Amino acid sequence: QVQLVESGGGLVQAGGSLRLSCAASGFTFSDYDMGWFRQAPGKEREGVARIMWSGGHTYYAESVKGRFTISRDNAKNTVFLQMNSLKPEDTAVYYCHAEWPSNRNYNYWGQGTQVTVST
């Protein structure tokens, strides 16, 4: 079955860095656009970053541009989110998302990983 397993979350001080990973299985990873979303307490889930199936195009929320970098390794079925210069407002549960560009009804979510940035 389809699985997206996030890892790499944790507690970090403001200004620090974390690298999230999402290991995918159960579908043809290289055919799917991949993204990272986050949800802070009391807030709606929001898109953070997205990378196209080929890895050729990436998109970022304005709030993370210049600080976060999304990448993927299609040989290892893994997508990454490098997060630098972290701020307390980056505190949230981060979710990995997969979406088939040919039919967006085929999309999957991971279980989430907590990122907490302390002052």
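The present account deals with the structure reproduced in this document. (Residues numbered from 1 in each chain as written. Predicted model: local features only at pLDDT ≥ 70, side-chain atom pairs only at ≥ 80, totals over all residues. Heavy atoms only, no water.)

1. Observations concerning the state of the cysteines
Put plainly, a disulfide is one covalent bond tying together the sulfur atoms of two cysteines. For the coordinates displayed, the defined rule picks out 1 disulfide. Disulfide partner of Cys22: Cys96, at an S-S distance of 2.1 Å. Here the S-S torsion is close to -85°, and the disulfide linking Cys22 with Cys96 is therefore left-handed. Placement of Cys22 in strand E3 (residues 18–25) and of Cys96 in strand E9 (residues 92–99) is noted, with a sequence separation of 74 residues between them. (Disulfide = S-S within 2.5 Å. Helix = DSSP H or I, 4+ residues; strand = E, 2+ residues; numbered from the N terminus.)

2. Focus on the sheet that holds E3
Ordered in space as E1-E3-E8-E7, the 4 strands form an open sheet in which the pairing is antiparallel. Of all the strands in the sheet, the pair left with one neighbour each is strand E1 (3–7) and strand E7 (68–73). On average, each strand axis in the sheet is inclined to that of its neighbour by 15°, with strand direction left out of account. Where E1 and E3 come together, 5 bridges link them in antiparallel fashion. Its bridge partner being in E3, Gln3 is matched across the sheet by Ser25. (Pairing = 2+ DSSP bridges. Axes fitted to C-alpha atoms, helices over the stretch in contact; angles between N-to-C directions.)

3. Some points on the packing of aromatic side chains
Under the defined criterion, the tally for this structure stands at 7 aromatic pairs. Relative to Trp109, the ring of Tyr95 has its centre 6.5 Å away and its plane inclined at 85°; by these criteria the two rings are edge-to-face. On the criterion of sequence distance, the pair formed by Tyr95 in strand E9 and Trp109 in strand E10 (residues 107–109) is long-range, its members being 14 residues apart. The class for Tyr95 is buried, based on a relative accessible area of 14%. Relative accessible area serves as the criterion here: at 37%, Trp109 is assigned to the partly exposed category. One Lys or Arg, Arg72, reaches over the ring of Phe29 and ends 4.5 Å from the middle of that ring. (Phe/Tyr/Trp six-rings, centres within 6.5 Å; stacked < 30°, edge-to-face > 60°. Buried < 20%, exposed > 50% of the residue type's maximum accessible area, 1.4 Å probe, protein only. Lys NZ or Arg CZ within 6 Å of the ring centre and 35° of its normal.)

What is shown is where atoms sit, not what they do.
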